[in-house]
Amino acid sequence: MPNRIEVALRHGVRDARGERIKREIEHFLKIQVTAVQTIDIYTVDAELPQKLLEAAASGPFSDPVMQEWLLDSPAGREFDFAVEVGFRPGVTDNVGRTAREAVEYLVGHPIPAGESVYYSLQYLFSGDLTRSCVERIATELLCNTLIQRYTILSAAEFAQAGGFPPLVPRVQVAAKIAVKEIDLEVLDTELVRISRDGVLALTLEEMKIIQAHYRSPKVIAARAAQGLGAKPTDVELECLAQTWSEHCKHKIFAATVHYEDENGKKEEINSLFKSYIQRTTSDVRKRMGEKDFCLSVFKDNAGVIRFNDDWSLVFKVETHNSPSALDPYGGALTGIVGVNRDPFGTGQGAKLIFNTDVFCFADPFYAKPLPKRLLHPRRIFEGVVEGVEHGGNKSGIPTVNGSIVFDERFCGKPLVFCGTAGLMPAFVNGQPGHEKSIKAGDLIVMTGGRIGKDGIHGATFSSEELNENSPVTAVQIGDPITQKRMFDFLIRARDKGLYRFITDNGAGGLSSSIGEMAGECNGCRMDLAKAPLKYPGLEPWEILISEAQERMSLAVPPENIDEFLAMAQRFGVEATVLGEFTDNGVFHVLYEDKTVAWLPMAFMHEGLPPMQIPARWEVRRQAEVRIAAKNDYTGDLKQLLSALNICSKESVVRRYDHEVQGGSVVKPFTGISNDGPSDAAVVRPLLGSFEAVVTAHGICPRYSDIDTWHMTTNAVDEALRNYVAVGGSLDLVAGLDNFCWCDPVLSDKTPDGSFKMAQLVRSNKALYDICLAYNLPLISGKDSMKNDFYDGSVKISIPPTLLFSVIGRMEDARKAVTMDAKRPGDLVYLLGATADELGGSEYSAANGFIGNNVPKVDPETAYGRYRAYHQAVNLGLVASCHDLSDGGLAVAAAESAFAGGCGMELKLAAVLYKGEAADRRDELLLFSESASRLLVTVHPEKRQAFEQCLQGTGIAAIGKVTEKLQLTIEGIGGSAVVQADLAELKEAWQGTLRDL
Amino acid sequence: MSKSRAIVITGNGTNCEMEAAHACLTGGFDEAVIAHISELLSGAIRLDDFHFLNLTGGFLDGDDLGSAKAQANRLKNAVISGSKEKLVEQFSRFIADGKLILGVCNGFQLMVKMGMLPGFDGNYLHQTATLTYNDCGRFQDRWCYLKADPESPCIFTRGIDKGIYLPIRHGEGKFLCDTPATLERIEQEHLAVFKYSDSCYSAPTMAFPENPNGSTHAIAGICDASGRLMGMMPHPEAFVHYTQHPRWTREELPESGDGLILYKNAADYVKLSL
């Protein structure tokens, strides 16, 4: 009989967790509750004597100062309804795992398999509540029913039953493990059904390629020699589905595109990836010649560039959109701990130095009906923010840079970008740190977490649109501590040279990681029965493709294996030999010594011909609205400052540890009250040195409504502009591209596929052009191409989105520049010209239209300006610098002023204007989002030197910093068009998301 | 004397080992060893060989049973491999030998939950205080002004004029005592070394965000009666150079950060007294 240990706060101790839930219920659900209490529940499903149960309850499970515990007796009192929330069977239960370990220390030996400790949380509600209210609280706030279960008891029911009964979420296992054969000699319609029902995400064409492979007499003969029949096994079919999934194979970026531009000119593009992204890097590198700093691009889990003679930088940005749509907390948590494994599994392995995160959500205050299965944007917001918080903070990696972008269409799928950078020794045991290899005979070793049913079909389900039947198993919860233990061990094993190759176990699980590793030496042979499981009863195909978290795959030379395994044991990390690498050209999988998959490597990796995708670009005009001129734009400015895309995100950012590891130089917030928004992050990864890493990003999906070309160039420019603003060097900076698109493949479900594909083509062409102009090699990236929701009637497609991240170096962190105006009397300069470019702007959006005059980047001019500005930074001539983006000059000036605690007086007549004189007007000088502009303040003594530095790059002195705490902007006509106290402006900027 | 040696324990979710070791070296220690807990449990490294023990920030075991609870349990019960010695015996000997321990953030939580602080009457394994969820209900990363008690016996804070400015980064930093008598004794013996205060260090404050967690009597850190054991929620190792200050680009600051003095005092004490 399982035992329940209930741990409650002592009388009089404030329940901060309960208070927070109460606030959220009132804020989001608009339900009034008088009080919320919380009780921790440990369900011990193990044969333990009473004395040990009491020792666990009074020792590790409770805090004697503030808590009391009860064994097998309910602790709850004084409430009207009780709700208990626990995990469903098989879902990662971190607290339960730690509780079990704690008990093991008390017992002095491991608890036998099959016995365990489970955690649940009990909420006690007081107030005038109905059961249906409580039901709403449970399902809309406390619990995600995909991964959690809940029980509601009224006070009367609770009293009658003597509290909640112990509930053990043990996984019920299948009686018999069996490998099935699948008959592909069937009608086409049946092939389609097999793929759909199995969440294989294989098209009919792909199913027929597999069918043809199994018809080949040579294949049949070779299989017969292995004791296999002519039909594929479920292990093989699942393995191919993972390997060939859009998620793993990037079929759209590898496709042959038949593109037609707006003039009917046709072009055949063989792989967007090769033609634009890879070519960008190779052309930039050629031009850099001896100054080339790229070390490993596109071939490993993350890109690697040089930092200095002794160290290299590693960076990767990933998305975790589909899982975050279903379970925002778990999806985002696995997103961050998942991307951590990429730089860690690059080259010989890297120490992780910072995280970045960018989220795209719908309005958290969204008040319209949503299609079934979609979570409310506020829940997505809350869950994602918390998931990344736990993932990043617990891993001890500072979250240094990020943003949140809002657009209604992101309710179809939120975008959750997570990035991680690492620092790698330039040489590890005499070998370049970014290189690795495998020799036939090396052992296949898996380390870290165990395999369960969680995360099955993650790769394939994210390769389809989100729909009502999206599989529950694709969702999982990360365990940062298990991963951290593994990293602590592996980084030491790296330095001892104990392994030859390391990679991450991510999408597709072992099928993907070992499949790719086997490509290094041309074959492998592994026995899935050796893999450690969370619970018995997994089918071999499930073991092969499970995406259970916190695992790395390694190649360990046989002579090192004893030392490797012994060290793993000392560090409390599970490591298991699954087989060995070979060179016989076969991906050979066994289960208990019997062959269950026998796939020629060539077929697995090269058996799939490129897709053929049509793309047809057309210029789409948006309605043009001209707003009547006003005498005063102060109200417009306040409205913009409080807009979701511009307002302060401090309530979120403060929840992320942005300083751990001690290297933070430019933090997310700066200025006199530590609350002005920084443009980019500067981090010193080596505490004994002033060399710094600078990172920034750009993202502007709204411009895609006009033209993805300009969406792309503006995103790249924004990233570089932010990077340059704080002092990043143009001599060592690289880019990462993350494309998130709506499905661009023409089909019945996507009748406008050719246009969406053309948007992608234009984006790629623009990326090539601008990166070449900016000398920006692309070192890594990722695409996520199915960001749609479709339930058969409602379709929601996200706006085409490129997140462009940059990483680079700054020679001396002590020269970094922040965005806050520094002192009264300083001169204000605007670098760069302003044009009639309100198209796609925040100002246009606030006025209910899109427009057409999207900002156009002039990269040659901008690059010259950035170079000159960097020289001014190096000479110490710049007091502050803030990039102009959403909301234009007015917003940038307001932010710089209130961050600095100084006023500003500006004259629009002095602003450099590019365009027809007749169109020049206050509105656009204030709010136009023309690219490549920076707002700089300079001490009067440095005026001459600064102007000399920036000469010829398009600068204008537009005003000065003042003592009076006001922002005053004089219009072209000479009278003030903006006049406001800084406190008012700051309040507008801070109020919107303060309570989230 | 022999070399002054600091040790920083890491593993199972400890995060700040690198900057803590850097702070020790910058503060004047000859050596700062980052030791994984497994190296202590295997017997490869022994606390006896060091003078200054750093229990640093992080999320020990994910703080799954409450911050640092699982590690407190581990340290109390785990046995050194191949011997009968419990790890906790090394801790007790370390304290009895008159050596120094600084617990920061998660390390402070660990010390309090093991009973090392306030450690009344030399009883270092009896818990009388705790650290729990911030009143705001959320993790917070922000900088705080810490008013120092000049009459405190604490050796780490010697020479601090009014107070120091450091970042806090925690979700469970609210200090609570088991009884009013414990709190009173802490105050009476001047063991509450640091209190959250206004920016002039004039008075302790209960107002958010200056007091980020609603801590009792605004307590941010305490020491034991000997002054050799100290724990605090703010991170001194995170401010040893001016570029770590959130406003260094606008203020004239000395080269060293406010937190360094704790490590300097520790190094000086070790060199003089151990």
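*Asks:* Requested: an account of the overall build of chain B, with residues and values cited.
*Replies:* Looking only at helices and strands, chain B has 7 helices and 11 strands in total. For chain B, the spread of C-alpha atoms along the principal axes amounts to about 55 × 40 × 35 Å. In chain B, which comprises 274 residues, the share counted as buried stands at 63%. A separation of at least 24 residues holds for 74% of the contacts in chain B among residues at least 6 apart in sequence.

*Asks:* Which residues make up the overall build of chain A, and what values go with them?
*Replies:* Helix and strand content of chain A: 31 helices and 43 strands. If one aligns the C-alpha atoms of chain A with their principal axes, the spans along those axes are about 85 × 75 × 60 Å. A total of 996 residues make up chain A; the buried ones form 60% of that total. Relative to all contacts within chain A whose residues are 6 or more apart in sequence, the contacts with residues 24 or more apart total 81%.

*Asks:* Describe the nonpolar core, listing the residues and the values that go with them.
*Replies:* Residues and elements named next belong to chain A. Core analysis: the largest hydrophobic core is formed by 265 residues, its most contacted members being Leu641, Val682, Ala890, Ala893, Ala894 and Leu967. When residues in this core are grouped by element, the largest group, 10 residues, is from helix α24 (residues 708-726). Setting aside its immediate chain neighbours within four residues, Leu641 contacts Ile646, Cys647, Val891, Ala894, Leu985, Ala988 and Trp989.

*Asks:* Tell me about the interface of chain B and chain A, and please be specific about residues and values.
*Replies:* Across the contact, 51 residues belong to chain B and 54 residues belong to chain A. Among the secondary structure elements, those contributing two or more residues to the side of chain B that touches chain A are α1 (17-27), α3 (69-77), β5 (129-132), β6 (140-148) and β7 (163-170) of chain B. At 5 residues, α3 of chain B tops the list of elements feeding residues into the side of chain B that touches chain A.

*Asks:* With reference to specific residues and values, describe the pairing of strand β5 (residues 116-126) of chain A.
*Replies:* Residues and elements named next belong to chain A. For β5, a buried count of 9 out of 11 residues is recorded, marking the element as mostly surrounded by other parts of the structure. Alignment of strand β2 (residues 35-45) against β5, held across 11 bridges, turns out to be antiparallel. Residue Val44 lies in a different strand from β5, and its bridge partner there is Val117. Relative to β5, strand β4 (residues 81-87) is paired through 6 bridges, and the arrangement is antiparallel. Each bridged residue has a counterpart across the sheet, and for Phe81 the counterpart in β5 is Phe125.

*Asks:* Could you give me a rundown of helix α22 (residues 634-641) of chain A, with the residues and numbers involved?
*Replies:* Residue and element names in this part refer to chain A. Those residues of α22 not exposed but buried are Asp636, Leu637, Leu640 and Leu641. The arc enclosing the buried residues of α22, seen along the axis, measures out at 135 degrees, which places them on a common side. Buried residues in α22 make contact with α26 (842-846), α28 (888-900), β43 (976-981) and α31 (982-991).

*Asks:* Please provide a residue-by-residue account of the packing of helix α1 (residues 16-29) of chain A against helix α4 (residues 131-142) of chain A, values included.
*Replies:* Axes are the key here: two packed helices are described by the angle between their axes and the distance separating the axes. Residues and elements named next belong to chain A. Running from N to C, α1 and α4 cross one another at 95 degrees; their axes reach a closest spacing of 11 Å. The pairing of α1 with α4 is recorded here as roughly perpendicular in orientation. Touching Glu24, Ile25, Phe28 and Leu29 of α1 are Arg136, Ile137, Glu140 and Leu141, all from α4. Looking at the contact of α1 with α4 residue by residue, the class counts come to 5 nonpolar, no polar and 3 charged.

*Asks:* Got a sec to walk through the environment of Asp836 of chain A? Specific residues and values, please.
*Replies:* All names here are of chain A. The topology assignment puts Asp836 in the loop between β36 (834-835) and α26. The partly exposed category is assigned to Asp836, around which 19 C-beta atoms lie within 10 Å. Between the C-alpha atom of Asp836 and that of Ser928, which follows or precedes it by 92 residues, the distance is 6.5 Å. Once you skip the residues sitting within four places of it in the chain, Asp836 turns out to touch Asn853, Gly915, Asp919, Leu924 and Ser928.

The rules we used
- Residues numbered from 1 in each chain as written.
- Chains lettered and ligands numbered in written order.
- Predicted model: local features only at pLDDT ≥ 70, side-chain atom pairs only at ≥ 80, totals over all residues.
- Helix = DSSP H or I, 4+ residues; strand = E, 2+ residues; numbered from the N terminus.
- Buried ≥ 20, exposed ≤ 12 C-beta atoms within 10 Å, placed from the backbone.
- Contact = placed C-beta atoms within 7 Å.
- Core = buried A, V, L, I, M, F, W, Y, C linked by C-beta atoms within 7 Å.
- Pairing = 2+ DSSP bridges.
- Arc of directions from axis to C-beta.
- Axes fitted to C-alpha atoms, helices over the stretch in contact; angles between N-to-C directions.
- Parallel < 35°, antiparallel > 145°, perpendicular 65-115°, else oblique.
- Nonpolar A, V, L, I, M, F, W, Y, C, P; charged D, E, K, R; others polar.

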